[in-house]
Amino acid sequence: MKITVFGSGYVGLVQAAVLAEVGHDVVCMDVDQKKVDLLREGHVSIFEPGLSSLVREGLDGGRLHFTTDEQLAVEHGRVAFIAVGTPSCEDGSADLKYVMSVGDAVARHRQQPLILVEKSTVPVGTGDKLRAHIDTALAGRALRIDIVSNPEFLKEGSAVADCRRPDRIVIGCDGEDVRDVMRDLYAPFNRNHDRIMFMDLRSAELTKYAANCMLATKISFINQIAELAEHLGADIESVRQGIGADTRIGYHFIYPGCGYGGSCFPKDMRALIHSAEQAHCSSDLLQAVEAINERQKHKLFERIKAFYKGSLRGKTFAVWGLAFKPNTDDMRDAPSRVLLESLWAAGASVRAFDPEAMQETQHLYPNEEKLMLMGTPESVLSGADALIICTEWQQFKAPDFELIQQRLKAPVIFDGRNLYDAERLARKGFKYFPIGRGDSCQLPVAPHLPRRRSKAA
């Protein structure tokens, strides 16, 4: 099948490469000529395991093409995916200008019927708005454009695997003929058992937001319980295992830490809160989830500040992990950014290492004199006052603690991801401060940030 993908960002590029892998003829269009030129040469600017090789295979096989030619892209596909950005506006709503610009391009150049698929995460009702927008742009010209919602459920760090073997394929559309085309398109991914879930357009749009906000809720919930565990002398790791054993709850997304970030959860939470307000519905739970996460991002700094009794000027901290999660270089809304900026504001310097996010960090903070990016995790340690862990990369999980102890000025670790055994580190002479581990880890008492009150409160 001939397929067009508008947008060569994280979602669009993965989707295009995987569809080409199974034999579809895919054109991926982007307005950024420099990015398109690099992609034509097989150079992928984002880090995602397996993606670079998959793009090169698609190019070599002649099934994957990149272009900035709007007309070529519009005319190519029987099905066209919209995978453009939907950034947050100041009021939290999703900015749909790039989505609507695709609609304008379709109205300008398309002569044959088209199935236009929303792959970008968009608010409920966007499909109807897009259809009306295209109808207006067509100015009375008769052309059948079927709008479909087919949200992505990719996890950064395993997006290629998720796209190849989706746990569900949600499709919101009208008409059996459109369903048949979408079944054919996804047939290579639907052989083991039927993963396709057909529903109406608006339900599919809401499913995406509900899924992401549910996962964010689990993270904020366990972080709220972790805070309670600290004050009650309980161990959140024992509590986590105790509740995770319940199959109704499970172990996924109940790991306490220094907050969630990335391109999806924060943006989608803000957008769903805005949608609820626009629909005159309460959003008490969603607001609480967001407020807890914002507090959690400050927890590491508040703990460090309390340990050093507010005196951070002139100190140097070693930081392991900058990306918002492992196996990505994405720094969008990363908890590490809150930590770094707070330390600098307090007069401290940072020596940091991340396996993939160093370039992005340099791009974000090109002139920051208090930041030094180092080539290995060991090299950041020398002469630092303490080690801080922000991201749970595999290579940080079993370090040489004797080396850490030798190189730090003092054996102090602030762990935002609970990677280590607290009792073992205590025996080795470390002062170890994880999240939610009660009295056993000599936790300093940090002042709590003001709680954001929900409207219901």
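Throughout this description, residue numbers start from 1 for each chain and increase along the sequence as written. Totals for whole chains, interfaces and linings use every residue, but because this is a predicted model, local features are given only for residues with pLDDT of at least 70 and side-chain atom pairs only at 80 or more, for both listing and counting. Computation of side-chain values covers all heavy atoms of the structure but excludes hydrogens and water.

The next thing to look at is the overall build of the protein. Strands here mean DSSP runs of E at least two residues long; helices mean DSSP runs of H or I at least four residues long; both are numbered from the N terminus. The helix and strand inventory of the protein stands at 16 helices and 14 strands. Summed over its atoms, the accessible surface of the protein is roughly 20,400 Å², and 50% of this surface lies on carbon and sulfur atoms. Asp and Glu count as negative and Lys and Arg as positive, but His and the ends of the chain are not part of the count. The atom standing in for a charge is NZ when the residue is Lys, CZ when it is Arg, CG when it is Asp and CD when it is Glu. Here the protein holds 56 positive side-chain charges and 61 negative ones, and the gap between their average locations is 4 Å. For every accessible area listed, the method is Shrake-Rupley and the probe measures 1.4 Å; residues are considered covered only by the protein chains on display.

Of note, Gln-359 is situated in helix 14 (residues 358–364). Sequence separation between Gln-359 and Glu-369 is 10 residues, and the spatial gap between their C-alpha atoms is 16 Å.

A word on the pattern of salt bridges. Salt bridges are counted wherever a side-chain nitrogen of Lys or Arg sits within 4 Å of a carboxyl oxygen of Asp or Glu. A complete count under the given rule lists 24 salt bridges for this structure. Put simply, Asp-167 and Arg-168 hold a salt bridge, and the shortest N to O gap is 3.1 Å. Exposure categories follow from relative accessible area, calculated using a 1.4 Å probe and restricted to protein chains: below 20% of the type maximum is buried, above 50% is exposed, and the middle band is partly exposed. Overall, Asp-167 belongs to the exposed group, its relative accessible area being 57%. Judged by relative accessible area, Arg-168 falls into the partly exposed class, the value being 25%. Close ionic contact of Arg-183 with Glu-176 constitutes a salt bridge, the shortest N to O distance being 3.1 Å. Judged by its relative accessible area of 34%, Arg-183 falls in the partly exposed class. Here the salt bridges do not stand alone but share partners, grouping Asp-128, Arg-131 and Arg-202 into one network.

Here Asn-223 is to be found in helix 9 (residues 201–232). Considered as a pair, Asn-223 and Gly-233 are 10 residues apart in the sequence and their alpha carbons are 15 Å apart. Other than its neighbours up to four places away in sequence, Asn-223 contacts Pro-256, Gly-257, Gly-259 and Gln-296. Of the polar contacts made by the side chain of Asn-223, one reaches the backbone nitrogen of Gly-257; its length is 2.8 Å. In what follows, a contact means two residues having at least one pair of non-hydrogen atoms within 4.5 Å. Side-chain atoms alone can form a polar contact between residues adjacent in sequence; in general such a contact is a pair of N or O atoms within 3.5 Å, and within protein one must be able to donate a hydrogen while the other accepts it.

Right, let's get into the state of the cysteines. Two cysteine sulfurs form what is called a disulfide whenever their separation falls within 2.5 Å. Per the stated rule, a full pass over the model turns up zero disulfides. Considering cysteine sulfurs only, Cys-213 is the nearest to Cys-89, which forms no disulfide, with 17 Å between them.

Bringing the pairing of strand 13 (residues 412–415) into the picture now. The alternating pattern of strand 13 places Val-412 and Phe-414 and Ile-413 and Asp-415 on opposite faces, both of which are buried. When DSSP finds at least two bridges between two strands, those strands are taken to pair. Here three bridges tie strand 12 (residues 386–389) to strand 13, and the two strands are oriented parallel to one another. Opposite Ile-389, over in strand 13, you have Asp-415 as the bridge partner. Here a crossover is taken to be right-handed if, once the strands point away from the viewer, the path from the first strand over the helix to the second is traced clockwise. Between the parallel pair strand 12 and strand 13, the chain is carried across by helix 15 (residues 401–407), and the sense of this crossover is right-handed. Direction of pairing for strand 13 relative to strand 14 (residues 431–433): parallel, over a ladder of three bridges. The residue of strand 14 that forms the bridge with Phe-414 is Phe-433. As for the winding sense of the linkage, the β-α-β connection from strand 13 through helix 16 (residues 422–427) to strand 14 is right-handed.

Time to look at helix 1 (residues 10–21). Because the α-helix completes a turn every 3.6 residues, residues three or four places apart line up on one side. When the terminal C-alpha atoms of helix 1 are compared, their 17 Å separation across 12 residues agrees well with the 16 Å that a helix rising 1.5 Å per residue should span. For helix 1, a buried count of 11 out of 12 residues is recorded, marking the element as mostly surrounded by other parts of the structure. Those residues of helix 1 that fall on the buried side of the exposure criterion are Tyr-10, Val-11, Gly-12, Leu-13, Val-14, Gln-15, Ala-16, Ala-17, Val-18, Leu-19 and Ala-20. Downstream of helix 1 by one or two residues, Gly-23 has phi in the positive range, about 115 degrees. Residue count minus one, scaled by 1.5 Å, sets the expected span of a helix.

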